[in-house]
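Analysis of the macromolecular model
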Amino acid sequence: MPIKWVLHWQPNAGTTVNTQILTEVSQCVESINGVKEGRWKATLSFYKPMLREQANALEFPRDFLGISLQEQPNKYYFVIRGQRLILEAESSIQTIMEKLQSYKTRVALNFEYQLGDFQLRVGKVVPIHSESLRGIVMEMEYLPISSWEKSHQIMGEFFDIWQEALAKRSLPGHFVHIEPILSEFGLSDQYTSQHTAVQYASIMAQMIATAQSAQAVRN
C-alpha cells in the first residue's frame with residue numbers, strides 16, 4: 001500500500017483558517033503541476049462515554065476516535081490514543097455503536113480532497129451538516145514504496161519542496177507533519193490503512209488543542 005503523510009495547517013498566532021487560505025493552497029498545488037482529478041472524503045467521529053455513575057469513569061477510555069477512509073469503505077477504525085490502541089472493524093460497527101448508546105458522538109468532521117497528479121490531496125475540515133471551516137488537511141502519498149522507514153527521505157525532500165513553494169505566497173501559517181510513534185500502536189514498517197488512521201487521530205488531537213488554546217486566549 002502506498003505511503004501517506006497526513007499534514008495539517010497550523011495558523012500563525014492571532015490568525016484563523018479561512019477559505020482564502022484553502023484557495024491559495026489549492027492554487028499552489030496546481031503551480032507545481034498538480035491536476036484536479038476527483039474528490040475524496042474521510043469522516044472522523046469523537047466518542048465520549050455516557051456514564052450513569054462518575055465512579056465508573058476510570059473503567060472506560062475518556063474518549064476515542066472513529067475514522068472511515070475512502071480507500072477502505074467496508075472498514076471502520078477506532079483509535080484510543082490514551083492506551084495506544086488501533087482497532088479495525090467492519091463499517092457496520094457504526095450502527096451498533098449508535099444502538100448501544102454507551103458512547104455518544106461529540107462532533108464529526110469531514111475531510112474533502114482534490115487529487116493532483118503528484119498524489120497530493122488538499123481539503124477542508126468541516127463539521128457534519130455545516131459549512132463552517134475548522135481547518136485544512138493534506139495527504140501526501142508516494143506510490144512506489146510501502147516501507148514507512150524507507151520512504152522518509154523522499155517524503156521529507158518533497159515536503160521541503162512543497163513548503164518552499166507555499167512560502168512564496170506569504171500565508172499566515174504553515175503545514176505541520178506530526179509523526180506518531182507507530183510502534184506504540186503495534187504497527188509494523190509495512191504501511192496500512194491503520195497507519196493512516198493513527199495519523200489522523202494525531203493531527204485531530206493537535207487541532208483540537210490549538211482551538212482550545214485560542215479560545216482560552218480570547219476569554
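Above this text you will find the structure in question.
Residues numbered from 1 in each chain as written. Predicted model: local features only at pLDDT ≥ 70, side-chain atom pairs only at ≥ 80, totals over all residues. Heavy atoms only, no water.

**Some points on helix H3 (residues 152-167)**
In an α-helix, one full turn covers 3.6 residues, which means residues spaced three or four apart are oriented alike. Across its 16 residues, H3 extends 22 Å between first and last C-alpha, which sits within 8% of the 22 Å expected from 1.5 Å per residue. Looking at the buried side of H3, the elements it contacts are strand S1 (3-11), helix H1 (19-31), strand S7 (120-127), strand S8 (135-142) and strand S9 (173-177). (Helix = DSSP H or I, 4+ residues; strand = E, 2+ residues; numbered from the N terminus. Expected span 1.5 Å × (residues − 1). Contact = heavy atoms within 4.5 Å.)

**Observations concerning the side chain of Lys4**
Turning to its location among the elements, Lys4 is positioned in strand S1. Polar contacts involving the side chain of Lys4 include one to the side chain of Glu71, which spans 3.0 Å. In this structure, Lys4 is in contact with Glu71, Arg121, Glu139, Met140, Glu141, Trp148, Met155, Tyr191, Thr196 and Gln199, ignoring residues within four places of it in sequence. (Polar contact = N/O pair within 3.5 Å; in protein donor to acceptor, adjacent residues only side chain to side chain.)

**With respect to the nonpolar core**
With 52 residues, the main nonpolar core has Val25, Phe111, Trp162 and Phe175 as its most contacted residues. Of all the elements, helix H4 (residues 193-218) adds the most residues to this core, at seven residues. Residue contacts for Val25: discarding those within four places in its chain leaves Trp9, Val122, Met138, Trp162, Leu166, Leu171 and Phe175. In this structure, Phe78, Ile80, Met97 and Tyr103 belong to the second largest nonpolar core, which totals eight residues. (Core = buried A, V, L, I, M, F, W, Y, C linked by side-chain atoms within 4.5 Å. Buried < 20%, exposed > 50% of the residue type's maximum accessible area, 1.4 Å probe, protein only.)

**Re unusual backbone geometry**
Its identity is not glycine, yet His129 carries a phi of approximately 60 degrees, on the positive side. Along the chain, His129 falls in the loop between S7 and S8. Its relative accessible area of 84% is what places His129 among the exposed residues. One non-glycine residue, Ser170, adopts positive backbone phi at about 55 degrees. Turning to its location among the elements, Ser170 is positioned in the loop between H3 and S9.

**Focus: the environment of Ser102**
Residue position: Ser102 is located in the loop between helix H2 (93-100) and strand S6 (103-115). With a relative accessible area of 35%, Ser102 lands in the partly exposed category. Those residues in contact with Ser102, other than ones at most four positions away along the chain, are Lys48, Pro49 and Met50.

**Here's the deal with the packing of aromatic side chains**
Considering all chains together, one arrives at nine aromatic pairs under this definition. Consider the rings of Tyr47 and Phe64, whose centres lie 5.2 Å apart with planes at 20 degrees: the pair is stacked. Placement of the pair is Tyr47 in strand S2 (residues 39-49) and Phe64 in strand S3 (residues 64-68), with a sequence separation of 17 residues. Each of the two residues, Tyr47 as well as Phe64, counts as buried. Residues Phe64 and Phe78 carry aromatic rings whose centres are separated by 5.6 Å and whose planes lie at 70 degrees to one another, so their mutual orientation is edge-to-face. Here Phe64 is found in strand S3, whereas its partner Phe78 is found in strand S4 (residues 75-80), with 14 residues between them in sequence. Judged on exposure class, the residue Phe64 and its partner Phe78 are both buried. Joined through ring pairs, the aromatic side chains of Tyr47, Phe64, Tyr76 and Phe78 make up one cluster. Stacked on the ring of Trp40, the Lys or Arg Arg121 has its end atom at 4.0 Å from the ring centre. (Phe/Tyr/Trp six-rings, centres within 6.5 Å; stacked < 30°, edge-to-face > 60°. Lys NZ or Arg CZ within 6 Å of the ring centre and 35° of its normal.)

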